[in-house]
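Descriptive structure summary
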Amino acid sequence: MTSFLESMIARAKADKQTIVLAEGDDPRTLEAAETILAQDVANLIILGDVEGIKASGRNLEGAQLIDPRTSELAAEFADTFYELRKNKGMTPEKAAETVKDVLYFGVMMVKTGRADGMVAGACHATGDVLRPSLQILKTAPGVKLVSSFFVMVAPNCEYGQDGTFLFSDCGLEIQPDAEKLAHIAVNSARSWKNLIGTEPVVAMLSHSTYASAKNDDQAKVAQAAAIARELAPELALDGELQADAAMVPSVGASKAPDSKVAGHANCLIFPDLDAGNIGYKLVQRLAHAEAFGPVTQGIAAPVNDLSRGCVAHDIVGVIAITCVQAQAKKAAEAE
Ligand SMILES: CC(C)(COP(=O)(O)OP(=O)(O)OC[C@H]1O[C@@H](n2cnc3c(N)ncnc32)[C@H](O)[C@@H]1OP(=O)(O)O)[C@@H](O)C(=O)NCCC(=O)NCCS
Ligand SMILES: CC(=O)OP(=O)(O)O
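Conventions and cut-offs
- Residues numbered from 1 in each chain as written.
- Chains lettered and ligands numbered in written order.
- Predicted model: local features only at pLDDT ≥ 70, side-chain atom pairs only at ≥ 80, totals over all residues.
- Heavy atoms only, no water.
- UniProt positions renumbered as here; feature names shortened; annotations may be inferred.
- Helix = DSSP H or I, 4+ residues; strand = E, 2+ residues; numbered from the N terminus.
- Buried < 20%, exposed > 50% of the residue type's maximum accessible area, 1.4 Å probe, protein only.
- Contact = heavy atoms within 4.5 Å.
- Areas by Shrake-Rupley, 256 points an atom, 1.4 Å probe, with all protein chains shown as cover.
- Lys, Arg positive; Asp, Glu negative; His and termini not counted.
- Charge placed at Lys NZ, Arg CZ, Asp CG, Glu CD.
- Expected span 1.5 Å × (residues − 1).
- Arc of directions from axis to C-beta.
- Pairing = 2+ DSSP bridges.
- Axes fitted to C-alpha atoms, helices over the stretch in contact; angles between N-to-C directions.
- Near = heavy atom within 4 Å.
- Polar contact = N/O pair within 3.5 Å; in protein donor to acceptor, adjacent residues only side chain to side chain.
- Nonpolar A, V, L, I, M, F, W, Y, C, P; charged D, E, K, R; others polar.

As recorded by an unreviewed UniProt entry, the chain carries the name Phosphate acetyltransferase and is attributed to Senegalimassilia faecalis. What UniProt states about the chain under its Pathway (unreviewed entry) heading is, verbatim, "Metabolic intermediate biosynthesis; acetyl-CoA biosynthesis; acetyl-CoA from acetate: step 2/2."

In structure tokens:
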């Protein structure tokens, strides 16, 4: 059977995209870049100290290597960035300094059409990776808020889609209210459909199933489920559900017997960032699941994050996902 990673790589190769890797100073990133180039998955632009990258010993033939501190593109990027942010207090001097940062420089490469997407986060915290894209690229047309998800692939697991799940939001929205949570759920269902291709089955997770506990946190998730159903009535979506009721058919049948989602969920929507981030790391480490992300949904062009705990395999997966998202963006623009 084709694995999730193999399917992303095959789709990426079918229509090659250009991806910026902003962390050329990170050895795992260069290992991943070598794999991507060897398999002809994407065109790569790698940012950082060019001599250091060349001295890494990795075969990066075909990649464009750029040092933002000395690049001739910096002046153009500074002008554009200043124009975009001058009403937010940006000055020309500060803009010139800011675009020399690999994360801002990488996003400017996407903004100016020199790249289709960016991946970073192996050695930068999530807020620092995502802030430039939120400031410069902004949300995609029709999207209310940007959020993030992981594709989790648990081995020897009969739940979800043979152990494959989407977990959201594990990376970006810290304390979503019911409305934001509803948008996270609906956007996650769309991401599942785009990446996995099958029908999403969305569970809004809580410590309670159908008001088995009654409190503000439980009520928020129940309200989010109601809003999400209004936003996307066609979706198989239910909540609030506990994780066992969401995933395990026998428990779902006992706790939520009338639910079409309970026992069959493949998209798990966590009530807040604490739950999501802790939850994905526990599954990754204790169940030895692959964890690809945090992948963003809703930015005007794909800019995706990594955990600082990632390995090269995870970076390869996120690069391939970024390519598939970039293809989808182009297809939507062509319609
Ligand atoms: C992503 C994050 C950095 C953005 O917040 P911030 O740095 O405080 O920045 P701001 O709130 O000033 O937002 C910066 C811009 O992004 C926009 N923005 C913030 N969150 C957004 C969202 N979810 N969707 C769309 N736009 C968003 C703001 O509107 C703002 O735009 P503007 O400057 O043009 O007005 C913040 O949500 C965060 O830190 N999240 C948690 C990340 C984290 O630590 N995760 C745990 C490990 S994975
Ligand atoms: C996603 C995540 O938790 O990132 P990090 O481990 O880098 O904080």
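Following the structure, the description resumes.
Let's talk about the overall build of the chain
Summing up its helical and strand segments, the chain has 13 helices and 11 strands in all. Taking the principal axes of its C-alpha atoms as reference, the chain extends roughly 65 × 45 × 40 Å. The buried share of the chain, reckoned over its 335 residues, is 55%. In the chain, once contacts between residues fewer than 6 apart in sequence are set aside, the share between residues at least 24 apart is 70%. Here the chain displays about 14500 Å² of accessible surface, and carbon together with sulfur accounts for 51% of that area. If you average the places of the 30 positive and of the 43 negative side-chain charges in the chain, the two averages end up 3 Å apart.

As for helix α2 (residues 27-38)
Over its 12 residues, α2 extends 17 Å from the first C-alpha to the last, a length consistent with the 16 Å expected when each residue adds 1.5 Å. Among the residues of α2, those classed as buried are Thr29, Leu30, Ala32, Ala33, Ile36 and Leu37. The buried residues of α2 occupy an angular sector of 160 degrees when projected down its axis, which confines them to one face. Relative to its buried face, α2 has exposed residues pointing more than 90 degrees away, namely Pro27 and Ala38. Buried residues along α2 sit in contact with β1 (18-21), β2 (43-47), α3 (50-54) and α13 (312-334).

Observations regarding the sheet that holds β1
With parallel pairing, five strands are arranged side by side in an open sheet as β3-β2-β1-β4-β11. Whereas interior strands pair on both sides, the edge strands pair on one side only; in this sheet they are β3 (64-66) and β11 (303-304). Here β1 runs beside β2; their pairing, made up of four bridges, is parallel. Looking across to β2, one finds that Thr18 is bridged to Asn43. In the packing of α13 onto the sheet, contacts are made with β1, β4 (117-119) and β11, and the angle to β4 comes to roughly 165 degrees.

Considering the site of ligand 1
Among the 17 residues in the neighbourhood of ligand 1, the closest are listed as Arg85, Lys88, Arg131, Lys138 and Glu173. The separation between an oxygen atom of ligand 1 and a polar side-chain atom of Lys138 is 2.4 Å. Gly171 places a polar main-chain atom, nitrogen or oxygen, 2.8 Å from a nitrogen atom of ligand 1. Contact with the protein chains covers 64% of the free accessible surface of ligand 1, which is 930 Å². Those elements giving two or more residues to the shell around ligand 1 turn out to be α7 (126-136) and α12 (273-286). Tallying contributions element by element places α7 first for the shell around ligand 1, with four residues. Grouping the constituent residues of the shell around ligand 1 by class yields seven nonpolar, five polar and five charged.

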